[in-house]
Amino acid sequence: QSFPEEVFPQAYHQAYALGKTRAIRNVEEADIEDCLVAFVKHFGVKAKLVVPILQVNRQAKGLTDTDSPNLWGLLIAHQCSNPRQWEEWAVELMKQLANQVAIAVQQSELYEQLQQLNTQLEHRVQRRTEELAKTNDSLQAEITERQRTEAALRHTNYTLQALIAASPRA
């Protein structure tokens, strides 16, 4: 779902991209923008726990100092019946779930890339096989032509030797 900019400002995005989690015990008492309070109250939310789903962009040879996490999304738990004090085990569980989701998303993306590469490779193999088949046909035709030429030369040579042998002047 897309949200208006004021509901998810750039500062929130940056904080979550750095791995910040947010446990809000009571949305009406929290230090958050009024528009966000109104937005979540529209859904009946009284308390919320937000954990970022991060994927680390890795270079081909492993992590480097320039690698940064990519905010793929947010895993959010809403408490709608009443305010809630989020316990450490609940926060930790959400972080672990977010890590598992990040791994699943990354594996899915890698699988999709692998499928695309496999399709490209199959097309290249098919084109190369067609090229080799054409080259093979051409070589077969050339071999057949050379065999005919050799047979014709042998016949001509045989005829000439027969003429020479039969000629009294030879």
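Residues numbered from 1 in each chain as written. Predicted model: local features only at pLDDT ≥ 70, side-chain atom pairs only at ≥ 80, totals over all residues. Heavy atoms only, no water.

A. Spatial organisation of the overall build of the protein chain. Across its full length, the protein chain carries three helices and three strands. Listed N to C, the secondary structure of the protein chain is α-β-α-β-β-α in terms of helices and strands. The C-alpha extent of the protein chain, read off along each of the three principal axes, is 130 × 35 × 25 Å. In the form shown here, the protein chain has an accessible surface area of approximately 13,100 Å², with 53% of it arising from carbon and sulfur atoms. Distance between charge centroids for the protein chain: 9 Å, based on 18 positive and 21 negative side chains. (Helix = DSSP H or I, 4+ residues; strand = E, 2+ residues; numbered from the N terminus. Areas by Shrake-Rupley, 256 points an atom, 1.4 Å probe, with all protein chains shown as cover. Lys, Arg positive; Asp, Glu negative; His and termini not counted. Charge placed at Lys NZ, Arg CZ, Asp CG, Glu CD.)

B. Expanded view of the pairing of strand β2 (residues 47-56). Within β2, eight of the ten residues are buried, leaving the element largely enclosed by the surrounding structure. In this structure, strand β1 (residues 22-24) lies alongside β2, joined through three bridges in antiparallel fashion. Bridging from a neighbouring strand, Ala-23 pairs with Leu-49 of β2. In the sheet, β2 pairs with strand β3 (residues 69-79) via ten bridges, with the strands oriented antiparallel. Residue pairing for β3: Ile-53 is matched across the bridge by Gly-73. (Buried < 20%, exposed > 50% of the residue type's maximum accessible area, 1.4 Å probe, protein only. Pairing = 2+ DSSP bridges.)

C. Broad picture of the nonpolar core. Core analysis: the largest hydrophobic core is formed by 13 residues, its most contacted members being Tyr-12, Tyr-16, Val-27, Ile-32, Leu-36 and Val-40. The set of elements that each furnish at least two residues to this core consists of α1 (10-17) and α2 (34-42). Residues within four places of Leu-36 in sequence aside, it is in contact with Val-7 and Tyr-12. In terms of nonpolar packing, the next biggest core, distinct from the first, is built from eleven residues, Leu-49, Val-51, Ile-53 and Met-94 among them. (Core = buried A, V, L, I, M, F, W, Y, C linked by side-chain atoms within 4.5 Å. Contact = heavy atoms within 4.5 Å.)

D. Molecular detail of the side chain of Asn-26. The residue Asn-26 is located in the loop between β1 and α2 in this model. Judged by its relative accessible area of 14%, Asn-26 is buried. A polar contact is formed between the side chain of Asn-26 and the backbone nitrogen of Glu-28, at a distance of 3.0 Å. When neighbours within four sequence positions are excluded, Asn-26 is seen to be in contact with Lys-46 and Pro-83. (Polar contact = N/O pair within 3.5 Å; in protein donor to acceptor, adjacent residues only side chain to side chain.)

E. Main features of the packing of aromatic side chains. For the structure on display, the rule yields one aromatic pair. Where Phe-39 meets Phe-43, the ring centres are 5.3 Å apart and the plane angle is 75 degrees; that geometry is what we call edge-to-face. (Phe/Tyr/Trp six-rings, centres within 6.5 Å; stacked < 30°, edge-to-face > 60°.)

F. Here's a closer look at a nonpolar patch on the surface. Where nonpolar side chains cluster on the molecular surface, the patch consists of Trp-89, Leu-93 and Leu-97 and spans about 310 Å² of accessible area. Residue Trp-89 is classed as exposed on the basis of its relative accessible area of 53%. (Patch = residues over 30% accessible without salt bridge, like charges linked within 9 Å, V, L, I, M, F, W, Y side chains within 5 Å. Salt bridge = Lys/Arg side-chain N within 4 Å of Asp/Glu carboxyl O.)

G. Expanded view of the environment of Ser-81. Relative to the helices and strands, Ser-81 resides in the loop between β3 and α3 (88-166). The spacing of Ser-81 and Ala-166 is 85 residues in sequence and 120 Å in space, taken between C-alpha atoms. Polar contacts involving the side chain of Ser-81 include one to the side chain of Gln-79, which spans 2.8 Å. Within the structure, Ser-81 has its side chain in polar contact with the side chain of Asn-82 (distance 2.7 Å).

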